[in-house]
Amino acid sequence: IKPGIKKLGFLYNPGELNSISLIEKLKVICPTYGIELVTVSASKTSEVPQSAVKLSSLVDAIFVSNDNTALSAFKTIVRAANSVSIPVFVSDTDIVKDGAVAALGPNQYDLGLQTAKMIVDVLEGREIDATPVEFPKKVDLYLNPNAAEKVGVKIPKDLFESASYLVENKK
């Protein structure tokens, strides 16, 4: 069993405001758990492999959020992390199959249905200004046991049993 995460890596494109916003939130949240946030940027997809190798050498785990640049080269991030046996976690549940150990996030299909209902309301006459902002109705835990095993992470039984989805990929 690996010791807890002391340094969490975050690879991001500094031109993506969603990533900058998340970094600011992580800077507040991480210390409350005794975790140091380590960030490395990549402004374009071609920079991701080198940035991933650098980040992997500095941290105990990597977190990739919905950063388009990082996600477009996600498999290179996983390769870099696997080479030093550290886990990769994501917020996009659809990408767990590509080698992430876990994701806690909304099911993208369900989120699409929720959005479609909002669109139908507007098409049926509801004023856009009167449409409240909605957030995902629920989040799902996706676990990838093979990815966890590859980097030496033991998933606790209770977490394993509470997972919404177990993603199987090739070892």
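Located above this text is the structure these notes cover.
Novice: Please explain the packing of helix α2 (residues 48–56) against helix α4 (residues 74–83) as it appears in this structure.
Specialist: It is at 8 Å that the axes of α2 and α4 come closest, and there the two elements cross at 30°. The pairing of α2 with α4 is recorded here as roughly parallel in orientation. Pair α2 / α4 crosses with right-handed handedness. For the pair α2 and α4, the contacting residues are Val48, Pro49, Ala52, Val53 and Ser56 in the first and Thr76, Ile77, Ala80 and Ala81 in the second.

Novice: Help me out: how do you make sense of the environment of Asn146 in this one?
Specialist: In this structure, Asn146 sits in helix α6 (residues 145–150). Taking the C-alpha atoms as reference points, Asn146 and Lys97, 49 residues apart in sequence, are found 9.7 Å from one another.

Novice: How do you make sense of the pattern of salt bridges when you look at a structure like this?
Specialist: Close approach of charged atoms lets side chains of opposite charge pair. All told, the structure shown has 6 salt bridges when counted by the stated rule. Residue Asp98 is joined to Lys97 by a salt bridge in which the shortest nitrogen-to-oxygen separation is 3.4 Å. Given the relative accessible area of 23%, Asp98 is considered partly exposed. Between Glu134 and Lys137 there is a salt bridge whose closest N-O contact spans 3.6 Å.

Novice: Looking at this model, I keep getting lost on the sheet that holds strand β1 (residues 7–12). Mind explaining?
Specialist: What links the strands of a sheet is backbone hydrogen bonding, and the strands pair in either a parallel or an antiparallel sense. Strands sit in the order β2-β1-β3-β4-β5-β6-β7 across an open sheet of 7 strands; the sheet is mixed. What marks the edges here is a single partner per strand, and that holds for β2 (36–41) and β7 (165–166). Strands β1, β2 and β3 (61–64) of the sheet are contacted by helix α1 (residues 17–32), whose axis makes an angle of about 170° with β1. Relative to the sheet, α2 contacts β1, β2 and β3, its axis offset from that of β1 by approximately 170°.

Novice: What should I look at first to understand helix α5 (residues 108–123) in this one?
Specialist: Since the α-helix packs 3.6 residues into each turn, any two residues three or four apart lie on the same face. Helix length check: α5 (16 residues) gives 22 Å between terminal C-alpha atoms against 22 Å at 1.5 Å per residue, within 8%. Just beyond α5, the residue with positive phi is Gly125, at close to 115°.

Novice: Sorry, what's going on with the packing of aromatic side chains here?
Specialist: Any aromatic ring pair is given by two values, namely how distant the centres are and how the planes are angled relative to each other. Under the defined criterion, the tally for this structure stands at 3 aromatic pairs. Judged by centre distance (6.1 Å) and plane angle (25°), the rings of Phe10 and Tyr12 are stacked. Classification of Phe10 by relative accessible area gives buried; the value is 0%. Of the residues examined, Tyr12 reaches a relative accessible area of 13% and is grouped as buried. Ring centres of Phe10 and Phe63 lie 6.0 Å apart, and the angle between their planes is 35°; this geometry places the pair in the tilted category. With Phe10 in strand β1 and Phe63 in strand β3, this pair connects stretches of sequence that are 53 residues apart. The same class applies to Phe10 and to Phe63, which are both buried.

Scoring rules and cut-offs
- Residues numbered from 1 in each chain as written.
- Predicted model: local features only at pLDDT ≥ 70, side-chain atom pairs only at ≥ 80, totals over all residues.
- Heavy atoms only, no water.
- Axes fitted to C-alpha atoms, helices over the stretch in contact; angles between N-to-C directions.
- Helix = DSSP H or I, 4+ residues; strand = E, 2+ residues; numbered from the N terminus.
- Parallel < 35°, antiparallel > 145°, perpendicular 65-115°, else oblique.
- Left-handed = near helix turned anticlockwise from the far one by under 90°.
- Contact = heavy atoms within 4.5 Å.
- Salt bridge = Lys/Arg side-chain N within 4 Å of Asp/Glu carboxyl O.
- Buried < 20%, exposed > 50% of the residue type's maximum accessible area, 1.4 Å probe, protein only.
- Pairing = 2+ DSSP bridges.
- Expected span 1.5 Å × (residues − 1).
- Phe/Tyr/Trp six-rings, centres within 6.5 Å; stacked < 30°, edge-to-face > 60°.

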